[in-house]
Structures are given as C-alpha cells and as structure tokens.
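# Observations on the three-dimensional arrangement
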Amino acid sequence: MNLKTELSLEILSKLGLAYWLEVITDHPWCVYYFGPFGTIQEAELSQFGYLQDILEESAHLMSVTIKQVCPQNLTLFEDSLD
C-alpha cells in the first residue's frame, strides 16, 4: 500500500467513514475489528483470511459485519470490559 492510500484510509477512519470488518466470537467472547478499508468490496474480499485465522484458533463465530465505524480498540475481550 502506498503512502497516499494509507493517508486516505487514516483520514476516512478518523472521520468514521472507513469500512471495518467486525467479527464477534463466542468461546471465547471477543470482538475483533479488521481494517480500515476504503470500500465495502475491499472489506468483503479481505474477510476470508481474517475469518480463517480466527477459526484456526477454535473460536466460534457469532457474527461478521462490515460497518463504517471508528473503533477505539481493535480487539475487545470479555475480561477487558470489567
């Protein structure tokens, strides 16, 4: 990825306009954010690799959603909510 693309994604992300892949798992309960992506299509094309990695860790998928958000944390664990 070139510097111009990285800067564009950083700006979109800070404005809440970038797309992120939100993956929620159970056992263990976690919320993962992967991104940022400039388009929904980029997020869709990238999701397979991320999901494969999570499933290899024996996590159970609850939901996979593409959202325009600005996550404060890229991974939330059940213990981190205390």
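Residues numbered from 1 in each chain as written. Predicted model: local features only at pLDDT ≥ 70, side-chain atom pairs only at ≥ 80, totals over all residues. Heavy atoms only, no water.

Another aspect to go through is the nonpolar core. Ranked by size, the top nonpolar core spans 11 residues in total: Tyr 19, Leu 21, Val 23, Cys 30, Tyr 32, Phe 34, Phe 37, Ala 43, Leu 51, Ile 54 and Ala 59. Elements that contribute at least two residues to this core include exactly strand E1 (19-26), strand E2 (30-37) and helix H2 (40-56). The dominant element in this core, judged by the number of residues it contributes, is E2, at four residues. With near-sequence residues (within four places) excluded, Cys 30 lies in contact with Val 23, Ile 24, Thr 25, Leu 76 and Phe 77. In this structure, Ala 18, Trp 20, Ile 24 and Tyr 33 belong to the second largest nonpolar core, which totals five residues. (Core = buried A, V, L, I, M, F, W, Y, C linked by side-chain atoms within 4.5 Å. Buried < 20%, exposed > 50% of the residue type's maximum accessible area, 1.4 Å probe, protein only. Helix = DSSP H or I, 4+ residues; strand = E, 2+ residues; numbered from the N terminus. Contact = heavy atoms within 4.5 Å.)

On the basis of which strands lie adjacent, the open sheet formed by four strands has the order E3-E1-E2-E4 and antiparallel pairing. Either end of the sheet is taken by a strand with one partner, and the two such strands are strand E3 (60-68) and strand E4 (75-77). Across the sheet, the mean angle from the axis of one strand to that of its neighbour is 15°, orientation sign disregarded. As paired strands, E1 and E3 are joined by eight bridges and run antiparallel to one another. (Pairing = 2+ DSSP bridges. Axes fitted to C-alpha atoms, helices over the stretch in contact; angles between N-to-C directions.)

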